[in-house]
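Fold and geometry: a report
Single-letter residue listing:
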Amino acid sequence: MKKVIILVFVALVALTATGQEKLITGKVSDETGPLPGVSVLVKGTSNGTQTDFDGKYSIKANLGDILIYSFVGMKSEQKIVGKNEVIDVVLEADNVLEEVVVVGYGISRKSKSLSYSVSTIGTADKALKGKIIGVPITNTNNIKIRGTTSVSNKNQPLYIIDGNPVSVDSKEFKKLNPNQIKNVSVLKNNTAASIYGNRATNGAIIISTKQNNYESESYKKIKENEFKHVSFSPLSTFSIDVDKAGYSNVRRLLNNGSSVPADAVKIEEMINYFDYDYPQPIDEHPFAINTELASSPWSKDSKILKIGLQGKEILNKNIPPSNLVFLIDVSGSMSNANKLPLLKSAFKLLVNQLRDEDKVSIVVYAGAAGVVLKPTSGSNKTKIIEALENLSAGGSTAGGEGINLAYKIAEQNFKKKGNNRVILATDGDFNIGASSDDAMEELIKEKRKSGIFLTALGFGMGNYQDSKLETLADKGNGNHAYIDTMQEAKRVLVTEFGGTLFTIAKDVKIQVEFNPNKIEAYRLIGYENRLLADEDFIDDKKDAGELGSNHSVTALYEIIPKGKTSKFLKEIGDLKYSDNTSKDKFKDELVTIKFRYKKPKGTKSIEMVHVVKDNTIEFDNASNDLRFASAVALFGMKLRASQISKEISLDDISKIAENAKGKDKFGYRSEFARLVDMTILEN
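Residues take numbers from 1 onward in each chain, read along the sequence in its written order. Restriction of local features to residues with pLDDT of at least 70 applies here, the model being predicted, together with a cutoff of 80 or more for giving and counting side-chain atom pairs; totals for whole chains, interfaces and linings are based on all residues. For the side-chain quantities, the full set of heavy atoms in the structure was used; hydrogens and water were omitted.

1. Focus on the side chain of E292
Helix and strand assignments follow DSSP, with helices taken as H or I runs no shorter than four residues and strands as E runs no shorter than two, numbered in order from the N terminus. Within the secondary structure, E292 is located in strand β17 (residues 287-295). When a residue's accessible area, from a 1.4 Å probe over protein chains only, is under 20% of the maximum for its type it is buried; when over 50% it is exposed; and in between it is partly exposed. On the accessibility criterion, E292 (15% relative accessible area) is buried. N or O atoms closer than or at 3.5 Å make up a polar contact, with two conditions inside protein: a donor-capable atom paired with an acceptor-capable one, and, for residues adjacent in sequence, both atoms drawn from side chains. Engagement of the side chain of E292 in a polar contact is seen with the side chain of S623, the distance being 2.6 Å. For E292, the contacting residues outside a window of four places in its chain are I304, L305, K306, I617, A622, S623 and L626. For this analysis, residues touch if any pair of their heavy atoms sits within 4.5 Å.

Right under this line is the structure:
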């Protein structure tokens, strides 16, 4: 314990020693334009940040410091801090693919491969001064030193370890390993007391510890779908999934050099992250149906069936007035720069999309929940943004209490002909009251009866609880996104504003019936956590996924034709009563697909039917959409170490993706191709 106190003391003294410090701003770009996500680091320190969506950055540094600018696939640049307070940098492409090892206090590079492991170097006293590279690290505006250089029994501050208040006599403090300390900051008496109450009258020392290999993150267990014999299982039933958190989260893990947990790889969410060239609906239904059949790129004996839904686009000006409740986690675990600070910036983008007829309330929760902004018109954007700016992180996490209060506020201001939605923003780390995934499911299932929809936005790393947010979104008539950068925030809250916030169809289910005269077996690629019992398809009480304005949904089946086999298809015994379909009837039909959905305020399902004929085309002649979706599915299988993708290389996947980019308006497909290129799997 003495060693820990000494380290804390060293940190406080070190933080007071500043030279000729100035704020450096600038823009980082390459030959094509601004570069978001570039790491900017003060050499020899842990003081760093990242460029935003427009390639802009700001960082505090001393005269004579050296700034290092690093980005995967680009040559690093170094600039000396001189008299100028604006430093713009243009990075050049690096023809040699390098290994980027993300470390606590710098970046080391090797040739030809990308490491997944997060390693740390340096001594424990250095650990007191910084955070992992790749997110803003030191923000001296938020570090306020009390007017004392010692800690005594008469002047005892409050200690906060990973968001939880502890005393120096507690087992948590006594067992604290100095080598596991990632960051220490100090809050002055008034600031500390405003966050933590009277316990922090003498100030607060905030200690965060390292989360090695993201071991505290939580994901739902996924068991990969296997092939099913049509003779045994002629029906395949599942709920649609428009969530896209799976891809942005996997991208974050790969870009940070971390290993990717198999259960974090939700292939359907990776596929559905991307836009596809599906036609808009032209009839009374809220979505159009698109199907395509091609030979498989990974097996000569199988085919790929693509099923696509395209939601009707409702212009933002035509969306009914909105009653929105921002439910924001301000607990201690949200203090990191890629959590609450990023959240505030992201929500400003959303606020700027609001119209005069829209209203916003803000509910926050930490150790308890409270209302910080009563319903306010979208015309008063300044007031809403000021309320966001005043938020600060501290305390434990009463997520259940926050959800109850947010829905209460939403119900009190319910718009019968409007768009009613709670927007939850958190890392999902609930630790007070109802907090298990099961408890969250029961809570949100009750709340969805109110007719209020839910959007769950995930932030942060190390303790990110994806499983809770997935449960809340799936069971709460909602959608789920993961925001790790301002670029992603802009995509979710600006580019896809209507789809994120306005539902056009709910409880959308798909049931595929396979013709046993044409198909031996099939498997659904992804959607493992969205499978439904066959009888659930016509049960209007059974919850399913929601479709937002202009959202698309894509599902892939791998099909083994009749008379073909596969080493992944398990043998079964002969069946006595299996031949119950005429050989001649429906001989040109491959599958029949049924869709059921409800209107946003409806209680009875509407059914649509679509028949797919056996018109197979070669994979190379298939649409860009089918080929690109197949590449994404293959990459997901690779990350999950699926045996089915074992004989396909990353180079093969990269070539498919590169050749199927199509128009790629926002560059997301190109980004995916680069992600595949830089990834070396450790099998």
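2. A word on the sheet that holds strand β28 (residues 552-561)
Taking strand neighbours across the sheet as the criterion, the five strands line up as β15-β26-β28-β18-β17 in an open arrangement whose pairing is antiparallel. At either margin of the open sheet sits one strand with a lone partner, and together these are β15 (228-229) and β17. For every element, the axis is a line fit to its C-alpha atoms; helices are fit only across the contacting stretch, and the angle between N-to-C directions ranges from 0 to 180 degrees. Those strands touched by helix α14 (residues 624-639) are β17, β18 (303-311), β26 (519-525) and β28, and its axis lies near 110° from that of β18. A strand pair is defined by DSSP finding two or more bridges across the two strands.

3. Digging into the pairing of strand β21 (residues 369-377)
Remark: a regular strand shows side chains that alternate across the two faces of the sheet. Both strand β20 (residues 359-365) and β21 contribute to a ladder of six bridges, which runs antiparallel. Across the sheet, residue K359 finds its bridge partner in β21, namely S377. Remark: three residues form the turn of the hairpin made by β20 and β21, two consecutive strands paired antiparallel.

4. Considering the pattern of salt bridges
Any carboxyl oxygen of Asp or Glu that lies within 4 Å of a side-chain nitrogen of Lys or Arg is treated as forming a salt bridge with it. What the rule picks out here adds up to 33 salt bridges. With its nearest N and O atoms 2.8 Å apart, the salt bridge here joins E558 to R523. With E558 in strand β28 and R523 in strand β26, this pair connects stretches of sequence that are 35 residues apart. For the residue pair E558 and R523, the accessibility class agrees, reading buried in each case.

5. Looking at the nonpolar core
As a rule of thumb, soluble globular proteins bury nonpolar side chains together. Throughout, nonpolar core names a set of buried Ala, Val, Leu, Ile, Met, Phe, Trp, Tyr and Cys residues whose side chains join them through atoms within 4.5 Å. With 69 residues, the main nonpolar core has F274, V422, L472, F635 and F672 as its most contacted residues. Counting 35 residues, the second-largest nonpolar core is a separate cluster that includes V360, A387, A393 and L501.

6. Topic: the packing of α14 against helix α15 (residues 650-659)
One can describe the packing of α14 onto α15 by two numbers: an axis separation of 8 Å at closest approach and a directional angle of 155°. In this view, α14 runs roughly antiparallel relative to α15, as classed from their interaxial angle. Where α14 crosses over α15, the two elements pack in a sense that is left-handed. Together, N624, R627, F628, A631, L634, F635 and K638 of α14 and L650, I653, I656, A657 and N659 of α15 make up the contact between the two elements. Throughout, the ten residues Ala, Val, Leu, Ile, Met, Phe, Trp, Tyr, Cys and Pro are labelled nonpolar, Asp, Glu, Lys and Arg are labelled charged, and all others, Gly among them, are labelled polar. Of the residues assigned to the contact of α14 with α15, the class counts are eight nonpolar, two polar and two charged. Should an angle fall under 35 degrees it is taken as roughly parallel, and over 145 as roughly antiparallel, whereas 65 to 115 is taken as roughly perpendicular and any remaining angle as oblique. Note: crossing handedness is left-handed where the near helix turns anticlockwise from the far helix by less than a right angle, and right-handed where it turns clockwise.

7. Some remarks on the pairing of β18
Counting buried residues in β18 gives nine out of nine residues, a clear majority hidden from the surface. Across the two faces of β18 the burial is the same, with K303, L305, I307, L309 and G311 and I304, K306, G308 and Q310 all buried. Bridge analysis of β17 against β18 gives nine bridges, and the strand direction is antiparallel. Pairing of T291 across the sheet is with I307, part of β18. The sheet contact formed by β18 and β28 spans eight bridges and is antiparallel. Among the inter-strand pairings, L305 is bridged to a residue of β28, identified as Y557.

8. Topic: the side chain of S377
Position of S377 among the secondary structure elements: in strand β21. A distance of 2.8 Å separates a polar side-chain atom of S377 from the backbone oxygen of D356. When near neighbours in sequence (up to four residues on either side) are disregarded, S377 contacts D356, D358, K359 and I384.

9. Some details on the environment of D620
Relative to the elements of secondary structure, D620 occurs in the loop between β30 (606-613) and α14. Separated by 40 residues in the primary sequence, D620 and A660 have C-alpha atoms spaced 9.7 Å apart.

10. Thoughts on the sheet that holds strand β3 (residues 39-42)
Read across the sheet, four strands follow the order β4-β3-β6-β7 without closing on themselves; strand pairing throughout is antiparallel. Edge positions in the sheet fall to β4 (48-50) and β7 (77-80), since each has one partner strand and no second. Across the sheet, the mean angle separating the axes of adjacent strands is 20° when strand polarity is ignored. Bridge count for β3 against β4 is three bridges, and the pairing is antiparallel.

11. With respect to the confidence of the model for the protein chain
pLDDT runs from 0 to 100 and stands for how confident the predictor is about each residue. Of all residues in the protein chain, 78% attain a pLDDT of 70 or more, and the chain-wide mean is 80. Counting interchain partners and residues more than four positions distant, the pLDDT-below-50 stretch residues 10-18 has eight contacts. Note on residues 95-153: pLDDT under 50 across the span, and 164 contacts to partners over four residues away in sequence or across chains.

12. Some details on the packing of aromatic side chains
What counts as a ring pair is set by centres within 6.5 Å for rings of Phe, Tyr and Trp (its six-membered ring), and what kind of pair is set by the plane angle: stacked under 30 degrees, edge-to-face over 60, tilted for all other angles. In the structure shown here, the tally under the stated rule is 21 aromatic pairs. Measuring from ring centre to ring centre gives 5.3 Å for Y273 and F274, while their planes differ by 75°; the resulting arrangement is edge-to-face. Chaining the aromatic ring pairs together yields one cluster made of Y247, Y273, F274, F628, F635, F666, Y668 and F672. Lysine and arginine charges are scored as sitting over a ring when NZ or CZ, respectively, is within 6 Å of the ring centre and within 35 degrees of the ring normal. We note R523 situated over the ring of F227; from NZ or CZ to the ring centre the distance is 5.7 Å.

13. Points about helix α8 (residues 381-389)
Listing the buried residues of α8 in full gives I384, A387 and L388. Within α8, the buried residues cover an arc of 100° as seen down the axis, which keeps them to one side. In the core, the buried residues of α8 are packed alongside β19 (322-329), α7 (340-351), β20 and β21. Arc definition: it is the arc formed by the directions from the helix axis to the C-beta atoms.

14. Regarding α14
Here, expected helix span is obtained from the residue count minus one, scaled by 1.5 Å. In a regular helix each residue adds 1.5 Å, so 16 residues correspond to 22 Å; α14 covers 23 Å between its end C-alpha atoms and thus fits that length. Counting buried residues along α14, 15 of its 16 residues qualify, which places the element largely inside the surrounding structure. Remark: A641 follows α14 within two positions and exhibits a positive phi of approximately 60°.

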